[in-house]
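Now for the letters of each chain:
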Amino acid sequence: MAEGHAVHGIAQRLQQFVEQPVRSSSPNGEFDATVFDGRVFADAQAVGKHLLVTAHDVGLTAHLHLAMDGAFSVRRHHRALHGDFPRTEPPVHGNVAWRLLSATHHGELTDPAVCELLDEDGVLALRARLGPDPLRDDAEPDVARRRIQNSRRPIGALIIDQKVIAGIGNVYRAEILHRARLDPFTPGREIDDETFGALWQDTVDLMILGLGAGWIVTDEAQMAAAREALVRGERVPRWPKRYAVYGRAGTPCSVCGTTVRAQRVGLQRLFWCPGCQAAGPTSTGATSADPATVGEG
Ligand SMILES: [Zn+2]
């Protein structure tokens, strides 16, 4: 759940509630769900890894962040007899922070990292501290490009910084940089317009595919098969995950055979291939000796 495409997937599933009156409750008492109770659901939107949920005639927005452990399930139910609210509530399983019930659907938020109500200023402040989201139509990639090109920080730290680009998590970070054959330690200010443009476009393409598939697909053969399934209107099966570098420290790169490395960059470990990803304006870091990090993972 650390990647933005999954949050967009939840926002899509929550569309089942749009324009429906909802029962709203917080079984574990962690969320002031009563403001939504009996209201008509208006919208659910993802912004990066954040989810914003609104209802008509409620001046507050529910702001959710699921982090690593959170989940928001949406299922059809058959508890309502005449298109009204359900006669009975489903039993509570697990740590349910927010439950939504319409005449036809049952939504359940478990273990969120953030589940709070924001006023209009709070929503604006949240939006202001997030970079463009590759999955949103209103994304302005130039904002991300400027933030990268104005920074001395390594590109591997920048693209996972939600203030720069909203929605990229640790798997996409590693795979996107490997696909670009870009040294993750290249300073942002050395990323030219063309390199950034290609990186952004590949991110958009991968995340659209991830949203359609429901999981992260970055292997070329799997990507082609997933696209074919989606074009046919079929579900993309959960094939065994095949990553080029993510989670593969200490094993040979499938492209060039060089041992994949991992090192903490930002809050999480970055995986990269020093063979494929030596290219770039500078290659410091990728070639520096750091035995403590070799073979991790
Ligand atoms: Zn390689």
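Residues numbered from 1 in each chain as written. Predicted model: local features only at pLDDT ≥ 70, side-chain atom pairs only at ≥ 80, totals over all residues. Heavy atoms only, no water.

Oppositely charged side chains may form a pair once their charged atoms are brought near each other. Enumeration according to the criterion identifies 13 salt bridges in this entry. Linked through salt bridges whose partners overlap, the residues forming this network are Glu89, Arg99 and Glu108. (Salt bridge = Lys/Arg side-chain N within 4 Å of Asp/Glu carboxyl O.)

Let's shift gears to the sheet that holds strand E1 (residues 23-25). What links the strands of a sheet is backbone hydrogen bonding, and the strands pair in either a parallel or an antiparallel sense. In space, the four strands of this open sheet follow the order E1-E6-E7-E5, with antiparallel pairing throughout. The open sheet has two edge strands with one neighbour each: E1 and strand E5 (71-76). Neighbouring strand axes in the sheet, compared pairwise and without regard to direction, differ in orientation by 10 degrees on average. Here E1 runs beside strand E6 (residues 96-101); their pairing, made up of three bridges, is antiparallel. Opposite Ser24, over in E6, you have Leu100 as the bridge partner. (Pairing = 2+ DSSP bridges. Helix = DSSP H or I, 4+ residues; strand = E, 2+ residues; numbered from the N terminus. Axes fitted to C-alpha atoms, helices over the stretch in contact; angles between N-to-C directions.)

Turning to the domain arrangement of the chain, a few remarks are in order. What the domain assignment reports for the chain is domain 1 (4-128) and domain 2 (141-293). Here the C-alpha centre of domain 2 lies 31 Å away from the C-alpha centre of domain 1. In this complex, domain 1 contributes seven residues to the contact, which on the side of domain 2 involves twelve residues. Buried area between domain 1 and domain 2, summed over both chains or domains, comes out near 690 Å², and the portion from carbon and sulfur atoms is 64%. Of all residues in domain 1, His5, Gly48 and Lys49 bury the most surface against domain 2, accounting for 67% of the area lost on that side. (Domains from an automatic or database assignment. Contact = heavy atoms within 4.5 Å. Buried area = accessible area lost by both parts, 1.4 Å probe.)

One pass over the full model with this rule turns up one cavity of 30 Å³ or more. Together, Ile148, Ile159, Ile165, Ile168, Phe196, Leu199, Trp200 and Thr203 line the largest cavity. Of the residues belonging to the lining of the largest cavity, the class tally is seven nonpolar, one polar and no charged. (1 Å grid on protein atoms, 1.4 Å probe; cavity = no way out; pocket = protein on both sides within 12 Å on 5 of 7 lines; lining within 4 Å. Points joined across faces, edges and corners; volume = space filled by probe spheres on them. Nonpolar A, V, L, I, M, F, W, Y, C, P; charged D, E, K, R; others polar.)

Before going further, it helps to examine the side chain of Ser26. Tracing the chain through its elements places Ser26 in the loop between E1 and strand E2 (41-47). A polar atom in the side chain of Ser26 sits 2.7 Å from the backbone oxygen of Ala97. Discounting chain neighbours no more than four positions away, the residues touching Ser26 are Phe31, Ala33, Val96 and Ala97. (Polar contact = N/O pair within 3.5 Å; in protein donor to acceptor, adjacent residues only side chain to side chain.)

Okay, the side chain of Arg145 next. As for its placement among the helices and strands, Arg145 is situated in helix H3 (residues 141-149). In contact with Arg145, not counting residues within four places along its chain, are Asp193 and Phe196.

Let us look at the packing of aromatic side chains. Scanning the model with the defined rule gives nine aromatic pairs in all. Note on Phe36 and Trp98: the rings are 5.3 Å apart at their centroids and 45 degrees apart in plane angle, and the pair reads as tilted. Of this pair, Phe36 sits in the loop between E1 and E2 while Trp98 sits in strand E6, and the two are 62 residues apart along the sequence. The pair Phe36 / Trp98 is uniform in exposure class, with both members buried. (Phe/Tyr/Trp six-rings, centres within 6.5 Å; stacked < 30°, edge-to-face > 60°. Buried < 20%, exposed > 50% of the residue type's maximum accessible area, 1.4 Å probe, protein only.)

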